[in-house]
Amino acid sequence: QVHLVESGGGLVQAGGSLRLSCAASGRSFTSSTMGWFRQAPGKEREFVAAIAWSSGWVDYADSVKGRFIISRDNAKNTVYLQMNSLKPEDTAVYYCSARAGPGGNWRSQRAYDYWGQGTQVTVSS
């Protein structure tokens, strides 16, 4: 019932920045959590960042803390991931996800109910 579409991925040089967007449509949840995950070739999908839709509470993986910023625009039903000081290790497909309600571990894929199609981020050295 919630459709997510990511955009903003691309190729960037190490040290550069990209801003990913996740546009949500359909039924929304006031207390839901939005998350960003990523998956590199040969690796499991990993947590990147999360934000509470209503309060703006945020959490980050240690690997991106201090470099990435997650935010949301409630009026636009859009979540953003500002990625700064990008490293080659950040290369992955980035996925937006939506959690229907509270509870569970927001760092786990299993806590989320809806997923976007993913957008490729490639960081060159």
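Our structure's up above, just so we're on the same page.
Computed from a prediction, not measured in an experiment: that's the story for all the values here.

### Quick look at the state of the cysteines
Considering all chains together, one arrives at one disulfide under this definition. Covalent S-S linkage joins cysteine 22 and cysteine 96, the inter-sulfur distance amounting to 2.0 Å. In this structure the cystine formed by cysteine 22 and cysteine 96 twists about its S-S bond by roughly -80°; its chirality is therefore left-handed. Note that cysteine 22 is positioned in strand 3 (residues 18-26) and cysteine 96 in strand 9 (residues 92-99), a separation of 74 residues in sequence.

### Observations regarding the nonpolar core
Counting residues in hydrophobic clusters, the biggest one holds 34 residues, and the most contacted among them are Met34, Trp36, Leu81, Met83 and Tyr94. Listed by contribution, the elements that provide at least two residues to this core are strand 1 (2-7), strand 3, strand 4 (33-39), strand 5 (46-52), strand 7 (68-73), strand 8 (78-83), strand 9 and strand 11 (119-124). For this core, the leading source of residues is strand 5, giving five residues. Ignoring sequence-local partners within four residues, the contact set of tyrosine 94 consists of Glu6, Leu20, Trp36, Phe37, Arg38, Val48, Phe68, Leu81, Met83, Gly118, Thr119 and Val121.

### Considerations on the sheet that holds strand 3
The strand order across the open sheet formed by four strands is 1-3-8-7, and the pairing between neighbours is antiparallel. Each edge of the open sheet carries a strand with a single partner, namely strand 1 and strand 7. Taking each pair of neighbouring strands and ignoring which way they run, the sheet shows an average axis angle of 15°.

### Regarding the environment of arginine 45
Topologically, arginine 45 is positioned in the loop between strand 4 and strand 5. Along the chain, arginine 45 and serine 125 lie 80 residues apart, while their C-alpha atoms are 22 Å from each other. Apart from the residues lying within four places of it in its own chain, the contact partners of arginine 45 are Phe37, Arg38, Gln39, Tyr95, Gln109 and Trp115.

### Points about the packing of aromatic side chains
One pair of aromatic rings is described through two measures. These are the centre distance and the angle between the planes. Under the definition given, this model contains five aromatic pairs. Ring centres of tryptophan 57 and tryptophan 106 lie 4.9 Å apart, and the angle between their planes is 90°; on these two criteria the pair is classed as edge-to-face. Taken as a pair, tryptophan 57 in the loop between strand 5 and strand 6 (58-60) and tryptophan 106 in the loop between strand 9 and strand 10 (114-115) lie far apart in primary sequence, 49 residues in all. Residue tryptophan 57 is classed as partly exposed on the basis of its relative accessible area of 35%. Relative accessible area serves as the criterion here: at 29%, tryptophan 106 is assigned to the partly exposed category. On the numbers, 6.2 Å between centres and 65° between planes, the contact of tyrosine 112 with tryptophan 115 is edge-to-face. Cation over ring: arginine 45 sits above tyrosine 95, and NZ or CZ is 3.8 Å from the ring centre. Of note, arginine 45 hangs over the ring of tryptophan 115, and the distance from its end group to the ring centre comes to 5.1 Å.

About the criteria used
- Residues numbered from 1 in each chain as written.
- Predicted model: local features only at pLDDT ≥ 70, side-chain atom pairs only at ≥ 80, totals over all residues.
- Heavy atoms only, no water.
- Disulfide = S-S within 2.5 Å.
- Helix = DSSP H or I, 4+ residues; strand = E, 2+ residues; numbered from the N terminus.
- Core = buried A, V, L, I, M, F, W, Y, C linked by side-chain atoms within 4.5 Å.
- Buried < 20%, exposed > 50% of the residue type's maximum accessible area, 1.4 Å probe, protein only.
- Contact = heavy atoms within 4.5 Å.
- Pairing = 2+ DSSP bridges.
- Axes fitted to C-alpha atoms, helices over the stretch in contact; angles between N-to-C directions.
- Phe/Tyr/Trp six-rings, centres within 6.5 Å; stacked < 30°, edge-to-face > 60°.
- Lys NZ or Arg CZ within 6 Å of the ring centre and 35° of its normal.

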